[in-house]
Amino acid sequence: MARIITVASQKGGVGKTTTALNLGFSLSRLGQRVLVVDADPQGGMAIASNLSRRTSLGLVQIIRRTASPKDVLAYTRDRQMAAIGTGLSDPDEVVFFEDAARSGALGAKILVLSAGFDYAVLDAPAGVGSIVQALLHVSDGVVLVVRCQNILLKSLPVFLRLVQRVRKTRNPKLRMDGAVVTMFDDRDPAEAQFCEEFTGSLPETVFLKTRIRFDPVFERASVKAVPVAMMPGADAAARSYLDLAFELRERDMRRMAEGGTHEPTEGLF
Amino acid sequence: MSPLKDSSEIQEAIRLLREISEESERSRTGAPWEAQRPPFPAARDAEDVEIERRGVDERHLGEMDEVRTAVMQLAHEGAVLAPAPQAPTSDTVTSEPAPETRQEAPAGTPLEAPFPAIAATGSAVEPVADRPAADEKAVDESHEGEPQPPWVGMVEARAESAVQSPTWPAFEEGPPGGTAEVY
């Protein structure tokens with residue numbers, strides 16, 4: 001089955017959509033078959049990847065059974081990555097989409113669509129609403145997108161309590177894959193110090209080592225509707241997401257190697 | 001004064017992050033999504049198990065056979081068949097990219113050229129120029145001579161064996177019938 005990762009945060013504007021798209025793309029460059037799902041009614045990922053020009057169909061039409069996956073899944077030419085949008089085009093459909101999230105229909109369709117992929121990366125809307133909850137119900141892991149600013153960190157507990165609740169009530173397999181610091185600007189000493197204090201006060205497994213630094217090239221990539229790795233002159237930014245993908249993949253591989261046991265084994269065979 | 005220590009919300013965030021992370025580690029059970037991945041013919045049964053495991057309401061799974069089959073077929077094609085672009089068909093012709101997307105990109109714009117890293121490293125992947133004539137579209141879209149993208153070295157160094165695509169991942173043409181615009 002696909003490993004389903006929800007990319008989420010309590011606040012908007014912290015780089016969640018950028019992370020979902022570029023993480024998904026980078027995982028596909030590491031040889032994984034990746035489905036990127038834009039589950040945010042704002043449709044940011046579909047716009048930032050040009051998916052919205054590829055098709056206006058998406059999850060809504062799949063839920064309504066008025067379209068097939070063939071119509072809504074946009075594959076890269078190498079077929080390593082596919083993307084699907086929400087398919088939302090008017091306010092009534094947003095209500096329908098949220099109802100589908102509450103009823104379980106959204107989660108069920110995401111599970112089915114993810115079959116055959118190695119990873120499904122879900123771009124969640126900000127907050128703790130019904131759509132986010134539906135995504136967490138069917139996810140294996142959460143990548144928490146964090147920006148090191150006082151006011152933004154103060155909003156974290158609400159989201160974290162939701163993760164805890166989902167784990168306890170609906171999806172005990174849900175795990176925290178890690179928090180990733182985005183839009184990090186170490187030229188600002190105050191932010192850098194605050195970030196160091198915050199991440200330093202937690203066990204090192206909580207935060208992923210990779211930090212996504214602020215870089216104007218992300219905005220340019222968004223305008224061009226491509227992953228940042230496809231932008232000329234984007235070495236550092238592209239590397240950061242490749243590092244992030246590699247780090248997540250490495251964590252997964254280590255868990256696989258451990259075989260789910262905490263006890264050391266005696267010999268390979 | 002430390003904004004970190006003075007804020008009860010941030011202290012709460014730290015506590016919850018620590019708690020959830022520890023819970024995640026304690027409950028880890030290997031990688032079930034890998035261990036349970038079935039071969040394609042058996043995938044449907046395994047999906048049912050997975051869906052049941054995750055507690056999704058089965059009411060919403062009824063009559064999904066058609067969708068499921070189509071997804072599996074698409075994924076199977078992507079995994080098993082050669083990843084090179086398909087030869088043009090009448091379907092793809094109907095959804096030919098709009099003129100503006102076919103223009104040569106000026107300097108400083110994103111590249112959409114075939115995957116230069118593979119050709120440069122002499123990988124087993126078939127170079128674009130050597131593909132059969134039927135692969136005309138891919139040849140048309142190549143931007144030979146353009147500078148290599150900046151992350152070529154990274155991919156080579158860290159995932160050389162994994163990357164098998166001879167092309168940039170520009171999305172494929174729209175579905176048959178031309179209902180979608182060019183991606």
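How would you sum up the confidence of the model for chain B? Please name residues and give values.
All names here are of chain B. The share of residues in chain B with pLDDT of 70 or more is 14%, and the mean pLDDT across the chain is 52. Every residue in residues 30-44 is under pLDDT 50, and counting partners more than four places away or in other chains gives 30 contacts. Confidence drops under a pLDDT of 50 for residues 107-143, and excluding neighbours within four residues, the segment shows 77 contacts in the predicted structure. For this predicted complex, the interface confidence score (ipTM) comes to 0.86, while the overall pTM stands at 0.69.

Mind laying out the pairing of strand E4 (residues 81-84) of chain A, listing which residues take part and the relevant values?
All names here are of chain A. On E4, burial covers both faces: Met81 and Ala83 on one face and Ala82 and Ile84 on the other are all buried. The pairing of strand E2 (residues 34-38) with E4 spans four bridges and is classified as parallel. Looking at the pairing, Val34 lines up with Met81 of E4. In terms of strand pairing, strand E3 (residues 74-75) meets E4 through two bridges, oriented antiparallel. Of the residues in E4, the one forming a bridge with Ala74 is Ala83.

I'd like a rundown of the state of the cysteines, residues and numbers included.
Residue and element names in this part refer to chain A. One pass over the full model with this rule turns up one disulfide over all chains. A sulfur-sulfur distance of 2.2 Å marks the disulfide that ties Cys148 to Cys195. Here the S-S torsion is close to 55°, and the disulfide linking Cys148 with Cys195 is therefore right-handed. On the criterion of sequence distance, the pair formed by Cys148 in the loop between strand E6 (141-146) and helix H9 (150-153) and Cys195 in helix H11 (residues 189-200) is long-range, its members being 47 residues apart. With relative accessibility at 0%, the residue Cys195 sits in the buried group.

Help me get a handle on empty space enclosed by the protein, residues and values and all.
Residue and element names in this part refer to chain A. Within this structure, the stated rule accounts for two cavities of 30 Å³ or more. Looking at the second largest cavity, its volume works out to about 70 Å³. The wall of the second largest cavity is formed by Ser9, Gln10, Lys11, Val14, Val145, Val146, Arg147, Leu152, Leu153, Ser155 and Leu156. Of the residues contributing to the lining of the second largest cavity, the split by class is six nonpolar, three polar and two charged.

Could you give me a rundown of the packing of aromatic side chains, with the residues and numbers involved?
All names here are of chain A. As enumerated under the stated definition, the model contains three aromatic pairs over all chains in all. Plain terms: the ring middles of Tyr75 and Phe117 are 6.2 Å apart, the flat faces sit at 25° to each other, and that makes the pair stacked. With Tyr75 in strand E3 and Phe117 in the loop between helix H7 (105-114) and strand E5 (119-123), the pair connects residues that are 42 residues apart, well separated along the chain. Like Tyr75, the residue Phe117 is buried in the burial classification. Ring centres 5.7 Å apart and planes at 90° place the aromatic pair Phe218 and Tyr241 in the edge-to-face group. Separated by 23 residues along the polypeptide, Phe218 in helix H12 (residues 217-224) and Tyr241 in helix H13 (residues 235-258) bring together distant segments of the chain. Residue Phe218 shares its accessibility class with Tyr241, and that shared class is buried. Above the plane of the ring of Phe25 lies Arg29, whose end atom (NZ or CZ) is 5.1 Å from the centre.

Provide a residue-level description of the packing of helix H10 (residues 156-169) of chain A against helix H2 (residues 8-26) of chain B, including the pertinent values.
Following both chains from N to C, one finds H10(A) and H2(B) inclined at 25°, their axes separated by 9 Å at the closest point. Comparing the axis directions of H10(A) and H2(B) gives the class roughly parallel. The element H10(A) and its partner H2(B) pack so that their crossing is left-handed. Residue-level inspection shows A:Leu156, A:Pro157, A:Leu160, A:Arg161, A:Val163, A:Gln164 and A:Arg167 of H10(A) in contact with H2(B), the latter providing B:Glu9, B:Glu12, B:Ala13, B:Leu16, B:Leu17, B:Glu19, B:Ile20, B:Glu23 and B:Ser24. The residue makeup of the contact of H10(A) with H2(B), split by class, is eight nonpolar, two polar and six charged.

Go over the side chain of B:Glu23 with me, naming the residues and quoting the values.
Inspection of the secondary structure assignment puts B:Glu23 in helix H2. The exposure class assigned to B:Glu23 is buried, which follows from its relative accessible area of 13%.

Can you explain the pattern of salt bridges? Please cite residues and give values.
For the structure shown, the criterion picks out 14 salt bridges over all chains. The shortest N-O distance in the salt bridge between A:Asp177 and A:Arg3 comes to 2.4 Å. You can see A:Asp177 sitting in strand E7 (residues 175-184) and its partner A:Arg3 sitting in strand E1 (residues 3-8), a full 174 residues away along the chain. Note on accessibility: A:Asp177 and A:Arg3 belong to one class, buried. B:Glu19 is the partner of B:Arg15 in a salt bridge, and the nearest nitrogen-oxygen pair spans 2.7 Å. Taken together, the positions of B:Arg15 and B:Glu19, both in helix H2 and four residues apart, correspond to about one turn of that helix. By relative accessible area, which is 39% here, B:Arg15 ends up partly exposed. Residue classification places B:Glu19 among the partly exposed residues on the basis of a relative accessible area of 26%. Salt bridges sharing common partners tie together A:Arg3, A:Arg175, A:Asp177 and A:Asp252.

I'd like a rundown of the sheet that holds strand E8 (residues 207-213) of chain A, residues and numbers included.
Residues and elements named next belong to chain A. In spatial order, the strands read E3-E4-E2-E5-E1-E6-E7-E8; together these eight strands make up an open sheet with mixed pairing. On the outer flanks of this sheet lie E3 and E8, each paired with one strand and no other. In the packing of H11 onto the sheet, contacts are made with E7 and E8, and the angle to E7 comes to roughly 170°.

The rules we used
- Residues numbered from 1 in each chain as written.
- Chains lettered and ligands numbered in written order.
- Predicted model: local features only at pLDDT ≥ 70, side-chain atom pairs only at ≥ 80, totals over all residues.
- Heavy atoms only, no water.
- pLDDT = per-residue confidence, 0-100.
- Contact = heavy atoms within 4.5 Å.
- Buried < 20%, exposed > 50% of the residue type's maximum accessible area, 1.4 Å probe, protein only.
- Helix = DSSP H or I, 4+ residues; strand = E, 2+ residues; numbered from the N terminus.
- Pairing = 2+ DSSP bridges.
- Disulfide = S-S within 2.5 Å.
- 1 Å grid on protein atoms, 1.4 Å probe; cavity = no way out; pocket = protein on both sides within 12 Å on 5 of 7 lines; lining within 4 Å.
- Points joined across faces, edges and corners; volume = space filled by probe spheres on them.
- Nonpolar A, V, L, I, M, F, W, Y, C, P; charged D, E, K, R; others polar.
- Phe/Tyr/Trp six-rings, centres within 6.5 Å; stacked < 30°, edge-to-face > 60°.
- Lys NZ or Arg CZ within 6 Å of the ring centre and 35° of its normal.
- Axes fitted to C-alpha atoms, helices over the stretch in contact; angles between N-to-C directions.
- Parallel < 35°, antiparallel > 145°, perpendicular 65-115°, else oblique.
- Left-handed = near helix turned anticlockwise from the far one by under 90°.
- Salt bridge = Lys/Arg side-chain N within 4 Å of Asp/Glu carboxyl O.

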